[in-house]
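Observations on the model geometry
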Amino acid sequence: MAEEVKVFGAWGSPFSHRVELALKLKGVPYEFIEEDLANKSSLLLKYNPIHKKIPVLLHNGKPIAESLVILEYIDETWKDNPILPEDPYERAMARFWCKFMDEKCMPALWKAYWIEEKERAKAMEEAFEHLKTLENELKGKFFGGETIGLVDIACNWLAFWIGVIQEVAEIELVNGEKFPILCKWIEEFINYSPVKESLPHRENLLAYLGARREALFASTSKQIIY
Ligand SMILES: N[C@@H](CCC(=O)N[C@@H](CS)C(=O)NCC(=O)O)C(=O)O
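For clarity, every value in this text was computed on a predicted model and none was experimentally measured. (Residues numbered from 1 in each chain as written. Predicted model: local features only at pLDDT ≥ 70, side-chain atom pairs only at ≥ 80, totals over all residues. Heavy atoms only, no water.)

Regarding its fold elements, the chain presents 10 helices and 4 strands. Reading the helices (α) and strands (β) of the chain from amino to carboxyl end gives β-α-β-α-β-β-α-α-α-α-α-α-α-α. What you see for the chain is a C-alpha radius of gyration of 18 Å, in line with the 17 Å of a compact globule of 226 residues. Viewed in the frame of its principal axes, the chain has a C-alpha envelope of about 60 × 40 × 30 Å. When burial is assessed residue by residue, the chain has 47% of its 226 residues classed as buried. Sequence-distant contacts, at least 24 apart, represent 70% of the contacts inside the chain between residues at least 6 apart. Accessible surface, the chain as shown: approximately 11,900 Å² in total, 53% of it carbon and sulfur. (Helix = DSSP H or I, 4+ residues; strand = E, 2+ residues; numbered from the N terminus. Rg over C-alpha atoms; globule rule 2.2 N^0.38 Å. Buried < 20%, exposed > 50% of the residue type's maximum accessible area, 1.4 Å probe, protein only. Contact = heavy atoms within 4.5 Å. Areas by Shrake-Rupley, 256 points an atom, 1.4 Å probe, with all protein chains shown as cover.)

Next comes the structure, spelled out in structure tokens:
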């Protein structure tokens, strides 16, 4: 019997792109279901009642939420082209850097690009420190060594979305002069065929993020939402 593999996601989301990329690297066919995040479907709310967010992976009727949890599930379910290392210590380290990306790096970077000008300098400093930490961690061609692994997939946002955000915000924090190793990784990553084939169209993302930035600055709450 054919397996049921569905991804509830959104075209411009780096989180749902993580899941799609892992499935592509494994050669697992899937159906992509585009969610309207302003008007979430009853299925999404049923499958992810706690966070009410995309992505959700539905595998033979069973839902899994949270992109990093989904990536590990994918790696354990489809064994070809592993994305986690075998060694327990290396696995722990890969998980550590994914958490670092989601809990430290990403929030600091969003803030640096999207905060109002008067508060920007401090936010930029913090984001810079986190990027330096990542730059020092990158030893091989990819975080995963010679092939793309869990940390590379988790850092997809840095590889592609950051370039677009920089253009929208007209702020250059990541460039080859400040972060030569990270920028080399970005080149390798975004030009890797499975990544390249699945990235959103740059022009569409530019328009989407530009509109979101304008809405943020026009709002009274100024709450930065991913
Ligand atoms: N920690 C979550 C984050 C997912 C997330 O932030 N998804 C956003 C889209 S990029 C979302 O669904 N936002 C809708 C909302 O917050 O209502 C993960 O890794 O899956």
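Another aspect to go through is the site of the ligand. The ligand sits among S13, F15, L37, K40, K53, I54, P55, E66 and S67. Here an oxygen atom of the ligand sits 2.6 Å away from a polar atom, N or O, in the side chain of S67. Taken together, the residues of the shell around the ligand break down into 4 nonpolar, 2 polar and 3 charged. (Near = heavy atom within 4 Å. Polar contact = N/O pair within 3.5 Å; in protein donor to acceptor, adjacent residues only side chain to side chain. Nonpolar A, V, L, I, M, F, W, Y, C, P; charged D, E, K, R; others polar.)

Moving on, we get to the pairing of strand 1 (residues 5–9). When you tally the buried positions in strand 1, you get 4 out of 5 residues, the bulk of the element. Taken together, the 4 bridges between strand 1 and strand 3 (residues 56–59) define a ladder with antiparallel strand orientation. If you follow V5 over to strand 3, its bridge partner there is H59. Where strand 1 and strand 2 (residues 31–34) come together, 4 bridges link them in parallel fashion. By the bridge assignment, V7 is partnered in strand 2 with F32. After leaving strand 1, the chain enters helix 1 (residues 14–26) and then returns to the sheet as strand 2, a path that is right-handed. (Pairing = 2+ DSSP bridges. Right-handed = clockwise from strand over helix to strand, strands pointing away.)

Under the definition given, this model contains 8 salt bridges. Between D75 and K26 there is a salt bridge; the shortest N-O distance is 2.6 Å. Remark: K26 occurs in helix 1 and D75 occurs in helix 3 (residues 67–77); sequence separation between them is 49 residues. On the basis of relative accessibility, which here comes to 9%, the residue D75 falls in the buried class. The class of K26 is buried, set by a relative accessible area of 7%. E188 is the salt-bridge partner of K184, the closest N and O atoms lying 3.4 Å from each other. A residue pair is termed a helical-turn pair when its members lie 3 or 4 positions apart in one helix, as K184 and E188 do in helix 8 (residues 180–190) at 4 residues. Owing to a relative accessible area of 54%, K184 belongs among the exposed residues under this scheme. (Salt bridge = Lys/Arg side-chain N within 4 Å of Asp/Glu carboxyl O.)

Where helix 1 meets helix 7 (residues 156–169), the axes come as close as 10 Å, and the angle between the chain directions of the two elements is 130 degrees. Between helix 1 and helix 7, the angle is such that the two are oblique. When you trace helix 1 past helix 7, the crossing you get is right-handed. The residues of helix 7 that touch helix 1, namely those facing P14, H17 and R18, are N156, W157 and W161. (Axes fitted to C-alpha atoms, helices over the stretch in contact; angles between N-to-C directions. Parallel < 35°, antiparallel > 145°, perpendicular 65-115°, else oblique. Left-handed = near helix turned anticlockwise from the far one by under 90°.)

It is worth spelling out the nonpolar core at this point. With 70 residues, the main nonpolar core has Y113, L158 and W185 as its most contacted residues. The element best represented in this core is helix 4 (residues 88–114), accounting for 13 residues. Leave out the neighbours within four places in its chain, and W185 touches L138, K141, F142, F143, D152, C155, L158 and A159. A10, I54, V56 and A65 belong to the second-largest nonpolar core, a separate cluster that totals 8 residues. (Core = buried A, V, L, I, M, F, W, Y, C linked by side-chain atoms within 4.5 Å.)

With that out of the way, let us pick up the side chain of N48. Relative to the helices and strands, N48 resides in the loop between helix 2 (42–47) and strand 3. With relative accessibility at 3%, the residue N48 sits in the buried group. Residue contacts for N48: discarding those within four places in its chain leaves K53, V56 and A65.

Given a rise of 1.5 Å per residue, 18 residues ought to cover 26 Å, and the 26 Å separating the end C-alpha atoms of helix 5 (residues 120–137) matches this to within 8%. Those residues of helix 5 lying buried are R120, A123, A127, H130, L131, L134 and E135. Here the buried residues of helix 5 occupy an arc of 145 degrees about the axis, which is enough to place them on one side. Facing away from the buried side of helix 5 by over 90 degrees, the exposed positions are A121, K122, E125 and N136. Next to the buried residues of helix 5 lie helix 4, helix 7, helix 8 and helix 10 (202–218). (Expected span 1.5 Å × (residues − 1). Arc of directions from axis to C-beta.)

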